[in-house]
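A look at the structure
Listed below are the residues making up each chain.
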Amino acid sequence: MDISTDMLDVANERETDHGDLAHHDMGTGLPFRPSTFDGVISVSALQWLCYAQTSEQSAKARLMRFFSSLYTVLKRGARAALQFYPETPEQAVLISSCAAQAGFTGGLVVDYPNSAKAKKYYLCLSFEHGYRAPQALEQEGAGAATGVRVADRERQQQRRQKGKKREAIKSKDWVLAKKSRQRQQGKETRPDSKYTGRKRKDKF
Amino acid sequence: MRLLTHNVLRCAIKGVEEGYPLSIEASEVQMEESPFRPDFVKHIAPTLNWPALRQAVKQVGLPEDMLPEAVSDALLGDEAFLRALHRVLMDVHVVAGALVCPESGRRFPIAHGIPDMMIAEGECPRDDK
């Protein structure tokens, strides 16, 4: 589902063996029968609901319409994972508070919070009372968890999402691989030593 | 647009209660064979709205007796039935035409196989929260 017909044409040209497309603005609510979906995925779309294109639009109303209709169309026990790029931290807070207001549990997960390139925001939503959003991926040794919790106040067993964990960036292996790549390209590269890729002491 | 998608779409404008099932006005329908996945069909069958699917089959011009009047557990073990259901759900593509809301008469045009479900801000139901 996309609001842009041009993007839909691109998607249509590529193989859509198992899926169908629809032209729709998710800020006007989802046009589906209640309790239809086992899961919902959205990539880089949610932040656009924070902008009002015309004077009759309001960001809050659009977000609420989206989340309450999402709540309706999901089956009980379903999950939703929505990746987005907030422009400001306030946007991320507004988005997650609207999700909580619509009745969802879950929260915001920020992968690699200290990296400008790899930083990614995900909103992980569920119906379960004790649901906690999965652990965020981090740079090796970067310190405490950064996941912000929205709705679920009861501390329950931590749940981790299934699937393999991605390799942390700038780990020792990554540095070594990069250095050998550079050597192959004939670039000047410092020799590997026991200090290579080692974390520096936290100095203040 | 596949009939599986049609089975979950509804009209969600202001003043419409159900907005379902949308009736199909097809001007171009294509059949495109796809790999048969029995597990998928078995999983999806109980979640379908059967009357809406039968109505859709009729509206795209397929023979009405392609699907039985109701679905039962016994039928889910029958491969011929699963294949027919798979064909209806996944292989029928409405390429051009329109979807029409049974309550409000609102039309959603279909072009290049993509239904245009866009509604204006003024058509949105008021949020009660």
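Structure: above.
Description of the structure in this document. Keep in mind the model is a prediction, meaning the values are calculated, not measured. (Residues numbered from 1 in each chain as written. Chains lettered and ligands numbered in written order. Predicted model: local features only at pLDDT ≥ 70, side-chain atom pairs only at ≥ 80, totals over all residues. Heavy atoms only, no water.)

1. Looking at the environment of Trp50 of chain B
Residue and element names in this part refer to chain B. In plain terms, the rule: By the criteria applied, helices consist of DSSP H or I runs no shorter than four residues and strands consist of E runs no shorter than two, each listed in order from the N terminus. Categorising residues by exposure relies on relative accessible area from a 1.4 Å probe, with only protein chains included: less than 20% of the type maximum marks a residue as buried, more than 50% marks it as exposed, and the intermediate range marks it as partly exposed. Any two residues whose heavy atoms approach within 4.5 Å at even a single point are treated as in contact.
In this fold, Trp50 is placed in helix 3 (residues 50–59). Its relative accessible area of 6% is what places Trp50 among the buried residues. With 37 residues separating them in the primary sequence, Trp50 and Ile13 have C-alpha atoms 24 Å apart. Setting aside its immediate chain neighbours within four residues, Trp50 contacts Leu67, Pro68, Glu69, Ala70, Val71, Phe81 and Leu85.

2. Comments concerning helix 3 (residues 89–101) of chain A
All names here are of chain A. Where we set the bar: Multiplying one less than the number of residues by 1.5 Å gives the expected span of a helix. Each C-beta atom gives one direction from the helix axis, and the arc is the one those directions make.
Here helix 3 spans 18 Å end to end across 13 residues, near enough to the 18 Å set by a 1.5 Å rise per residue. Among the residues making up helix 3, those that are buried are Gln91, Ala92, Ile95, Ser96, Cys98 and Ala99. Seen along its axis, helix 3 keeps its buried residues to an arc of 155°; they face one direction. Those residues of helix 3 that are exposed and aimed more than 90 degrees away from the buried face are Pro89, Glu90 and Val93.

3. Remarks on the sheet that holds strand 3 (residues 107–111) of chain B
All names here are of chain B. Worth spelling out the cut-off: Here, any two strands with at least 2 DSSP bridges between them count as paired. Note on geometry: axes are C-alpha line fits, over the in-contact stretch for helices, and angles between N-to-C directions span 0 to 180 degrees.
Spatially, four strands are ordered 1-2-3-4 in an open sheet, and the strand pairing comes out antiparallel. Every interior strand has two partners, whereas the edge strands, strand 1 (23–31) and strand 4 (114–115), have only one. Bridge count for strand 2 (residues 92–100) against strand 3 is four bridges, and the pairing is antiparallel. Residue pairing across strands places Gly97 opposite Ile110, the latter belonging to strand 3. The sheet contacts of helix 4 (residues 79–91) involve strand 1 and strand 2, and relative to strand 2 the element is tilted by about 60°.

4. A closer look at the packing of helix 3 of chain B against helix 4 of chain B
Residues and elements named next belong to chain B. Operational definition: Each angle receives one of four descriptions, namely roughly parallel if under 35 degrees, roughly antiparallel if over 145, roughly perpendicular if within 65 to 115, and oblique otherwise. Note: crossing handedness is left-handed where the near helix turns anticlockwise from the far helix by less than a right angle, and right-handed where it turns clockwise. Three residue categories are used. Nonpolar comprises Ala, Val, Leu, Ile, Met, Phe, Trp, Tyr, Cys and Pro, charged comprises Asp, Glu, Lys and Arg, and polar comprises the others, including Gly.
Contact geometry of helix 3 with helix 4 gives a least axis separation of 11 Å together with a crossing angle of 70°. Regarding the angle of helix 3 to helix 4, the classification is roughly perpendicular. Taken as a pair, helix 3 and helix 4 cross one another with a handedness that is left-handed. Contact residues: helix 3 offers Trp50, Leu53 and Val57, while helix 4 offers Phe81, Leu85, Val88 and Leu89. Along the lines of polarity and charge, the residues of the contact of helix 3 with helix 4 split into seven nonpolar, no polar and no charged.

5. A look at the interface of chain A and chain B
The parts lose accessible area when they come together, and the size of an interface is often stated as this lost area. Put simply, the test is: Joining two parts hides part of their accessible area as seen by a 1.4 Å probe, and the buried area is that hidden amount summed over both. Any Lys or Arg side-chain nitrogen found within 4 Å of a carboxyl oxygen on Asp or Glu counts as a salt bridge. Within 3.5 Å is the distance limit for a polar contact, defined as a pair of N or O atoms, with the added protein rule that one can donate a hydrogen and the other accept it, and that residues adjacent in sequence qualify only through two side-chain atoms.
On the chain B side, the residues contacting the 30 residues of chain A number 28 residues. For the pairing of chain A and chain B, the buried interface totals around 2,500 Å² over both sides, and the portion due to carbon and sulfur atoms is 52%. Summed over the three residues of chain A that lose the most area to chain B, namely Asp20, His23 and Arg33 of chain A, the buried surface amounts to 27% of that side. The tally of links from chain A across to chain B stands at three salt bridges. Asp20 of chain A is the partner of Arg2 of chain B in a salt bridge, and the nearest nitrogen-oxygen pair spans 3.1 Å. Run the count over chain A and chain B and you get 16 residue pairs in polar contact (both at pLDDT 80 or more). When residues in the side of chain A that touches chain B are grouped by element, the largest group, four residues, is from helix 2 (residues 59–73) of chain A. Tallied by class, residues from the side of chain A that touches chain B come to 10 nonpolar, 11 polar and nine charged.

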